[in-house]
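# Secondary and tertiary structure notes
Chain residues, written in single-letter form:
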Amino acid sequence: MAAEEVPSIQILNKENYFQQALVPFPNAIPYPPLGPSSLRLRTSVLSLTVNNFTYATLGTLLKWWDVHPLPAGTPAPYNDSSKYGRISAWGYAEVLESTVSAIPKGSFLWGYVPLGTLAQDLEVRMHDTIADQVFVTSAYRQHVMPIYNRYFVFPASSLSGEIASKTPALAHDAVLRVMHATAFLMADFVFSSDAARVVAPGLAASDEAANAAWSAKDGDLRDATVLIFAPGSKAAAIFASLLVRRSEAQGRPRKIIGVSSEVSRAFVEGTGIYDGVLLASAEHPAAAVPELAESKRVVVFDFGGRGGAGRRWAAALADRCGADKFLFAVVGSGIVDPAAAPQLLSGMGQIPPFPAARVNADDMRRRAMKAVGEERYWSEEAKSWEHFREQGVKGLSFTWGEGMEAVIEGWDRLASGKVLPSEGLVFKV
């Protein structure tokens with residue numbers, strides 16, 4: 001951090017999160033003494049994706065506004081936490097100061113970071129058996145899902161040069177690693193061909209109840225026709241690429257078909273991942289999928305198809321296939337206009353009249369770690385991530401920005417739909 005830097009943060013209007021402000025904190029430096037068992041972190045690299053808008057849309061329901069609350073000294077009117085708040089991104093933060101002996105000053109953490117250059121102090125504890133993981137123990141964050149309180153530790157020597165050079169590997173980490181985690185959990189556990197690894201996808205009263213309600217038959221994609229909505233989204237492309245790598249013996253689906261908007265179609269076809277690409281605007285979904293009759297079952301994965309296209313197709317296909325041969329899996333949502341957020345929230349509680357499941361990464365990960373053991377789980381996820389990062393997604397490129405002003409511009413581009421399907425936004429701040 002440059003000595004002359006005035007820290008600043010992004011603050012959003014909670015009701016209309018397309019409205020943002022870049023708020024400076026000229027009196028924040030010098031920072032006060034750091035407490036025990038704590039790290040002082042400053043965001044160094046972050047990404048912006050559709051996920052950021054999901055965090056804002058569901059921020060009150062899922063406590064995402066609480067992860068990085070408004071700092072002390074926030075000026076009016078932005079100090080009103082009932083109207084304004086902060087949403088997070090995935091990326092790297094530098095350790096400016098440390099009272100944790102295992103994490104020296106100059107190290108980096110990868111995880112859920114705030115959008116801004118104002119440092120934050122977090123109480124942490126090291127993982128008992130995995131040396132490069134740390135958990136946030138600050139009291140105000142203990143009610144959020146554990147996935148957001150787990151960070152990976154990197155020595156300064158391994159990242160300083162990459163950050164300065166803005167390397168493609170670093171961009172992959174910032175933009176895609178968390179999406180790979182969700183895709184990996186789905187492909188290798190929830191929809192695994194190994195019955196011993198199958199875990200339930202979403203929320204339930206207990207893991208035991210969830211797993212009892214979700215069987216290997218539910219997760220069986222062998223000889224299935226898989227339809228993926230928003231196939232150009234990064235999480236969808238990663239998931240599809242993991243399915244494509246399967247052999248027949250590993251339960252590869254019969255067909256993996258992307259159902260795309262016209263805007264994304266060229267990019268989706270260019271990835272070379274999908275066996276075919278259909279347009280979501282088709283009036284008669286059942287007629288658009290000739291594979292229905294030959295398939296053992298049809299599974300629709302909705303990663304955020306526009307205008308509710310996934311649900312519309314699901315209703316038509318379920319009626320054609322029959323409930324015993326159909327599943328609708330909701331994974332994510334697209335960019336939701338703030339005015340439409342209440343409708344989305346009310347729709348989340350509606351149970352569709354066909355077999356359906358909703359994916360939640362935190363629940364899947366907890367169950368997966370129980371199934372195979374925590375250390376084995378992290379070893380497998382890391383191996384899968386390294387393999388994917390080497391391959392990447394054909395046609396996907398990264399646009400680097402620098403500084404918080406660039407982050408603000410990137411947020412506006414995402415909100416206005418100006419970010420290309422083939423583009424990933426990553427920022428050095």
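## Notes on the pairing of strand 14 (residues 326–330)
Extensive coverage of strand 14 is indicated by the burial of five of its five residues. Burial along strand 14 is two-sided: the face carrying Phe326, Phe328 and Val330 and the face carrying Leu327 and Ala329 are both buried. Here five bridges tie strand 13 (residues 298–302) to strand 14, and the two strands are oriented parallel to one another. Opposite valine 300, over in strand 14, you have phenylalanine 328 as the bridge partner. Taking the sense of rotation as the criterion, the β-α-β connection linking strand 13, helix 8 (residues 309–321) and strand 14 turns out right-handed. Where strand 14 meets strand 15 (residues 356–358), three bridges bridge the pair, whose relative direction is parallel. By the bridge assignment, phenylalanine 328 is partnered in strand 15 with alanine 356.

## Things to note about the sheet that holds strand 1 (residues 8–13)
In spatial order, the strands read 2-1-4; together these three strands make up an open sheet with antiparallel pairing. Edge positions in the sheet fall to strand 2 (20–24) and strand 4 (84–85), since each has one partner strand and no second. Bridge analysis of strand 1 against strand 2 gives five bridges, and the strand direction is antiparallel. The partner of glutamine 10 across the bridge, within strand 2, is leucine 22. Across the sheet, helix 12 (residues 404–415) is in contact with strand 1 and strand 2; its angle to strand 2 comes to roughly 170°.

## Let's talk about the sheet that holds strand 11 (residues 255–260)
Strands sit in the order 12-11-10-13-14-15 across an open sheet of six strands; the sheet is parallel. Bordering the open sheet on either side are strand 12 (276–279) and strand 15, each of which pairs with just one other strand. Ignoring strand direction, the axes of neighbouring strands in this sheet form an average angle of 20°. In this structure, strand 11 lies alongside strand 12, joined through four bridges in parallel fashion.

## Comments concerning the packing of aromatic side chains
For the coordinates displayed, the defined rule picks out 28 aromatic pairs. Considering the side-chain rings of phenylalanine 18 and phenylalanine 53, the 5.6 Å spacing of their centres and the 85° angle between planes classify their relative orientation as edge-to-face. Within this pair, whereas phenylalanine 18 is found in the loop between strand 1 and strand 2, its partner phenylalanine 53 is found in helix 1 (residues 50–57), the two being separated by 35 residues in sequence. Classification of phenylalanine 18 as partly exposed rests on a relative accessible area of 21%. What makes phenylalanine 53 buried here is its relative accessible area of 0%. An aromatic cluster is defined as three or more aromatic residues linked by ring pairs; in this entry it consists of Tyr55, Trp64, Trp90, Trp110, Tyr112, Tyr148, Phe152, Phe184, Phe189, Tyr377 and Trp378.

## Brief notes about the side chain of serine 8
Here serine 8 lies in strand 1. With near-sequence residues (within four places) excluded, serine 8 lies in contact with Leu22, Val23, Pro24, Gly116, Thr117, Leu118 and Met404.

## Regarding helix 8
Here helix 8 contains 13 residues, and its C-alpha end-to-end distance of 18 Å stays within 8% of the 18 Å for a straight helix at 1.5 Å per residue. For helix 8, the full list of buried residues reads Ala309, Gly310, Trp313, Ala314, Leu317, Ala318 and Cys321. Buried residues in helix 8, looked at end-on, bunch into an arc of 145°, giving them a common side. Against the buried residues of helix 8 lie strand 10 (225–229), strand 11, strand 12, helix 7 (285–288), strand 13 and strand 14. A positive phi of about 95° marks glycine 322, the residue just after helix 8.

## Description of the nonpolar core
Ranked by size, the top nonpolar core spans 111 residues in total, and within it Ile228, Phe301 and Phe303 carry the most contacts. The greatest single-element share of this core, amounting to 14 residues, is contributed by helix 3 (residues 168–190). Those residues in contact with isoleucine 228, other than ones at most four positions away along the chain, are Ala236, Phe239, Ala240, Ile256, Ile257, Gly258, Val259, Tyr274, Phe301 and Phe303. Within the second largest apolar cluster, 20 residues are counted, among which are Phe229, Val259, Val289 and Phe354.

## As for unusual backbone geometry
The omega torsion of the bond from isoleucine 29 to proline 30 falls at 10°, within 30 degrees of zero and hence cis. Residue placement: proline 30 occurs in the loop between strand 2 and strand 3 (38–48). Between alanine 76 and proline 77 the backbone carries a cis peptide bond, its omega angle lying at 0°. Secondary-structure assignment places proline 77 in the loop between helix 1 and strand 4. Unusually for a residue other than glycine, serine 37 sits at a positive phi of about 50°. Mapped onto the elements of the fold, serine 37 is located in the loop between strand 2 and strand 3. In this model, lysine 166 sits at a positive phi of 50°, which is unusual for a non-glycine residue. Structurally, lysine 166 is set in the loop between helix 2 (156–165) and helix 3. Judged by its relative accessible area of 28%, lysine 166 falls in the partly exposed class.

## Concerning helix 6 (residues 262–271)
Buried within helix 6 we find Ser264, Phe267, Val268 and Thr271. Relative to the axis of helix 6, the buried residues are bounded by an arc of 105° and lie together on one face. Helix 6 presents Glu262 and Ala266 as exposed residues on the side facing more than 90 degrees away from its buried surface. The secondary structure elements touched by the buried residues of helix 6 are strand 11 and strand 12. At the exit of helix 6 stands glycine 272, carrying a positive phi of roughly 70°.

## Comments concerning the environment of asparagine 79
On the secondary structure map, asparagine 79 appears in the loop between helix 1 and strand 4. On the basis of relative accessibility, which here comes to 47%, the residue asparagine 79 falls in the partly exposed class. Between the C-alpha atom of asparagine 79 and that of isoleucine 11, which follows or precedes it by 68 residues, the distance is 9.7 Å. Setting aside residues no more than four positions away along its own chain, asparagine 79 makes contact with Leu70 and Thr74.

Conventions used here
- Residues numbered from 1 in each chain as written.
- Predicted model: local features only at pLDDT ≥ 70, side-chain atom pairs only at ≥ 80, totals over all residues.
- Heavy atoms only, no water.
- Buried < 20%, exposed > 50% of the residue type's maximum accessible area, 1.4 Å probe, protein only.
- Helix = DSSP H or I, 4+ residues; strand = E, 2+ residues; numbered from the N terminus.
- Pairing = 2+ DSSP bridges.
- Right-handed = clockwise from strand over helix to strand, strands pointing away.
- Contact = heavy atoms within 4.5 Å.
- Axes fitted to C-alpha atoms, helices over the stretch in contact; angles between N-to-C directions.
- Phe/Tyr/Trp six-rings, centres within 6.5 Å; stacked < 30°, edge-to-face > 60°.
- Expected span 1.5 Å × (residues − 1).
- Arc of directions from axis to C-beta.
- Core = buried A, V, L, I, M, F, W, Y, C linked by side-chain atoms within 4.5 Å.

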